Amino acid sequence: MTEPHAAMRRSVDVFQYLRLTAIAALIAILVTLVIAGLFHAIRLLSIAVGMELERFEDSSIWLRSVLPLVGFLLLMTYVRIFRVDGRDVGGTHTLNRIANYNGEFPWRNAVMQFVSAATALAAGFSGGRDGPGLHLGAWVASMFRTRMRLTRAEADLLIRTGMTAAIAAGFHTTFAAILFVAGIIKTEPMSARSFIPLITAAAIGSVLSTWLGVDQLLVGTRIYASLSMIEWLFVVAIAIPTLLVGIATMRLVIDFTRVRGPLYARIMVMAILTAGLAVVFPDVLGLGYDTLTALEQGRLDVGMLYLIAFVTVKLLLTSASVAFGVPLGVIGPTIVNGGALGALCYLVLTFWFPDLIVAPVSMYVLLGAAALLGTVFNVPFAAIVFFLELTMNLWLTLQVAVTIVIAHECKIKLWGTQSIFEARLAAQGISVRTRSEMT
């Protein structure tokens, strides 16, 4: 009598697994449509004011200096309408709702996130689409968990698929998106059974976003170079500046998050600072993908002083903007800053050792981007896979993985295991509890 029951249980388990995978695919489609809608909303807003997407440096001085002030007025209007603080959206808000609110996401916050992120990026505030993407992806998935009879683990898996699809749609990476979300969500450990729904969601997000015209990060990059022993040692040494910039990023975000004051005052300060920088240094406005792509492709002929200024100003502006409540993310700007740091290291090395540097600048740009990503967000394996998926060079990835791991391990020794999300929540007095701590 036990064999038929066991067979029935197995068939029910398989049916439930296939059902979850189908739901994950549907969630991925909806999330990708939302991410594409956000991207095209930013693009249309830019066109409406007479500017190309992310090309602030090509617009007139009066336009790019006025846009942050207009953006400030619109953001305050949204706050008044939706009654949502700028710190109640984004990646940190998402982790807080997953850990402490059983994965429930208010619709007001999600709508506020969409319209405010589109406005802020079109207006030139420094930040990324990633934080809004994580929030919107989790919100879409949460609507399914409230309408279906799911266990807590199944509900967490669906929320994870929504966030994975959002990251995959924004960065056009599949496995790196899975590992990134697995690294930042610690409420429920991943099981082997969760990989198929996650891979399905990530693949759909990556492919569908390409069809929908979402811009790609470093599109077309394929690096076939290899490193000599001497240059490999230089590449490993890049872990030191990566570590310093990573710790500075986290320290600044924490310190700025602790700044008190009404929301309108904090965002007004950022609007004025952004407007001032729009006059003298417009390259740091917005997300910065155009600058990163130009560096990676060798089309931006700049010197060391420019790159030092870019990394410093972008770091300060993004950290303050996000911490003060501008509803944007930090993943994209971290990748951009890491890429600029990698280009700076390339210029320094070619200046001191011109005959020993063989690899192209694109390799150093991608190395810096991946290493800083893994350091700041505490996801070294996601950073390694991120590099692999963009370069398609396994041997080179194995070599630069040493740099990424060294920077990450040194950061743990000097700082701890907190990611920037957890550190920012801690600065707000919010603890992210694991599932074992809640039971």
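Our subject is the structure that appears above.
About the thresholds
- Residues numbered from 1 in each chain as written.
- Predicted model: local features only at pLDDT ≥ 70, side-chain atom pairs only at ≥ 80, totals over all residues.
- Heavy atoms only, no water.
- Helix = DSSP H or I, 4+ residues; strand = E, 2+ residues; numbered from the N terminus.
- Rg over C-alpha atoms; globule rule 2.2 N^0.38 Å.
- Contact = heavy atoms within 4.5 Å.
- Areas by Shrake-Rupley, 256 points an atom, 1.4 Å probe, with all protein chains shown as cover.
- Lys, Arg positive; Asp, Glu negative; His and termini not counted.
- Charge placed at Lys NZ, Arg CZ, Asp CG, Glu CD.
- Phe/Tyr/Trp six-rings, centres within 6.5 Å; stacked < 30°, edge-to-face > 60°.
- Buried < 20%, exposed > 50% of the residue type's maximum accessible area, 1.4 Å probe, protein only.
- Expected span 1.5 Å × (residues − 1).
- Arc of directions from axis to C-beta.
- Axes fitted to C-alpha atoms, helices over the stretch in contact; angles between N-to-C directions.
- Parallel < 35°, antiparallel > 145°, perpendicular 65-115°, else oblique.
- Left-handed = near helix turned anticlockwise from the far one by under 90°.
- Nonpolar A, V, L, I, M, F, W, Y, C, P; charged D, E, K, R; others polar.
- Patch = residues over 30% accessible without salt bridge, like charges linked within 9 Å, V, L, I, M, F, W, Y side chains within 5 Å.
- Salt bridge = Lys/Arg side-chain N within 4 Å of Asp/Glu carboxyl O.
- Core = buried A, V, L, I, M, F, W, Y, C linked by side-chain atoms within 4.5 Å.

Visitor: So what's going on with the overall build of the protein? Which residues, and what values?
Guide: Along its length, the protein carries 19 helices and zero strands. For 439 residues, the compact-globule estimate of 2.2 N^0.38 gives 22 Å, and the C-alpha radius of gyration of the protein, at 21 Å, lies within 12% of that figure. Contacts in the protein between residues at least 24 apart in sequence constitute 82% of all its contacts with a sequence separation of at least 6. Approximately 17900 Å² of the protein is accessible, and the part contributed by carbon and sulfur atoms is 68%. Here the protein holds 31 positive side-chain charges and 25 negative ones, and the gap between their average locations is 11 Å.

Visitor: Lay out the packing of aromatic side chains in plain terms, naming residues and giving numbers.
Guide: Each aromatic ring pair is summarised here by two numbers: the centre-to-centre distance and the angle between the ring planes. Overall, the coordinates contain nine aromatic pairs when judged by the stated rule. Taking the centre distance of 5.7 Å and the plane angle of 80° together, the rings of Phe256 and Phe324 count as edge-to-face. Here Phe324 lies in helix α13 (residues 304–324) and Phe256 lies in helix α10 (residues 239–257), a separation of 68 residues in the sequence. Aromatic pair Phe377 and Phe421: ring centres 5.4 Å apart, planes at 55°, arrangement tilted. Of the two residues, Phe377 is situated in the loop between α15 (361–376) and α16 (380–391) and Phe421 in helix α18 (residues 420–427); the sequence distance between them amounts to 44 residues. Just as Phe377 is buried, Phe421 falls in that class too.

Visitor: Explain helix α11 (residues 263–280) to me, and be specific about the residues and the numbers.
Guide: Look at α11: 26 Å from first C-alpha to last across 18 residues, which is about the 26 Å you get at 1.5 Å a residue. Taken together, the buried positions of α11 are occupied by Leu263, Arg266, Ile267, Met270, Ala271, Thr274, Ala275 and Ala278. Buried positions in α11, seen along its axis, are confined to an arc of 165° and lie on one side of it. Exposed residues pointing more than 90 degrees away from the buried face of α11 are listed as Ile272 and Val280. Where the residues of α11 are buried, they touch α2 (61–82) and α13.

Visitor: Describe α13, naming the residues involved and giving the relevant values.
Guide: Counted at 1.5 Å a residue, the expected span for α13 with its 21 residues is 30 Å, and the 30 Å between its end C-alpha atoms agrees. Positive phi appears at Gly325, one or two residues downstream of α13, with a value of about 115°.

Visitor: Account for the packing of α2 against α11, with residues named and values stated.
Guide: Where α2 contacts α11, the axes come no closer than 7 Å and their chain directions differ by 165°. By the angle between their axes, α2 is roughly antiparallel relative to α11. Crossing hand, α2 versus α11: right-handed. On the side of α2, the interface is formed by Ile61, Arg64, Ser65, Pro68, Leu69, Phe72, Leu75, Met76 and Val79, while α11 contributes Leu263, Tyr264, Ile267, Met268, Ala271, Ile272, Thr274, Ala275, Ala278 and Val279. For the contact of α2 with α11, the per-class residue count stands at 16 nonpolar, two polar and one charged.

Visitor: Can you lay out a nonpolar patch on the surface for me, pointing to particular residues and giving the numbers?
Guide: Where nonpolar side chains cluster on the molecular surface, the patch consists of Met229, Ile230, Leu233, Met304, Leu305, Ile308, Val348, Phe351, Trp352, Phe353 and Leu356 and spans about 1100 Å² of accessible area. Mapped by element, the contributors of at least two residues to the nonpolar patch are α9 (229–237), α13 and α14 (331–352). With respect to the secondary-structure elements, Ile230 resides in helix α9.

Visitor: Can you break down unusual backbone geometry residue by residue, with the values?
Guide: If you check the backbone angles, Arg83 has positive phi at about 55° while not being a glycine. Secondary-structure assignment places Arg83 in the loop between α2 and α3 (90–100). For His172, which is not glycine, the phi torsion reads 60° and is therefore positive. The topology assignment puts His172 in the loop between α6 (152–171) and α7 (175–184). The buried category is assigned to His172, whose relative accessible area is 15%.

Visitor: An account of the pattern of salt bridges is needed here, citing residue identities and associated values.
Guide: Taken as a whole and assessed by the stated rule, the structure comprises four salt bridges. The salt bridge partner of Asp58 is Arg55, with a shortest N-O separation of 2.8 Å. Given the relative accessible area of 54%, Asp58 is considered exposed. The exposure class assigned to Arg55 is partly exposed, which follows from its relative accessible area of 28%. Here Arg55 makes a salt bridge to Asp290, at a shortest N to O gap of 3.4 Å. You can see Arg55 sitting in the loop between α1 (2–48) and α2 and its partner Asp290 sitting in helix α12 (residues 289–296), a full 235 residues away along the chain.

Visitor: Tell me about the packing of α9 against α10, and please be specific about residues and values.
Guide: Between α9 and α10, the least distance of the axes is 5 Å, while the angle of their chain directions is 10°. It follows that α9 is roughly parallel to α10 by the angle criterion. For the pair formed by α9 and α10, the contact residues are Val235, Val236 and Ala237 on the first element and Ala239, Ile240 and Pro241 on the second. Each residue belonging to the contact of α9 with α10 can be placed in one class, and the counts come to six nonpolar, no polar and no charged.

Visitor: Explain the nonpolar core residue by residue, including any values.
Guide: Ranked by size, the top nonpolar core spans 134 residues in total, and within it Phe125, Met163, Phe180, Ile331, Met363, Tyr364 and Phe377 carry the most contacts. Ranked by the residues each element gives to this core, the list is headed by α15, at 12 residues. Not counting the four nearest positions on each side in its chain, Phe180 is found in contact with Ile167, Ile331, Leu373, Phe377, Val379, Ala382 and Phe421.

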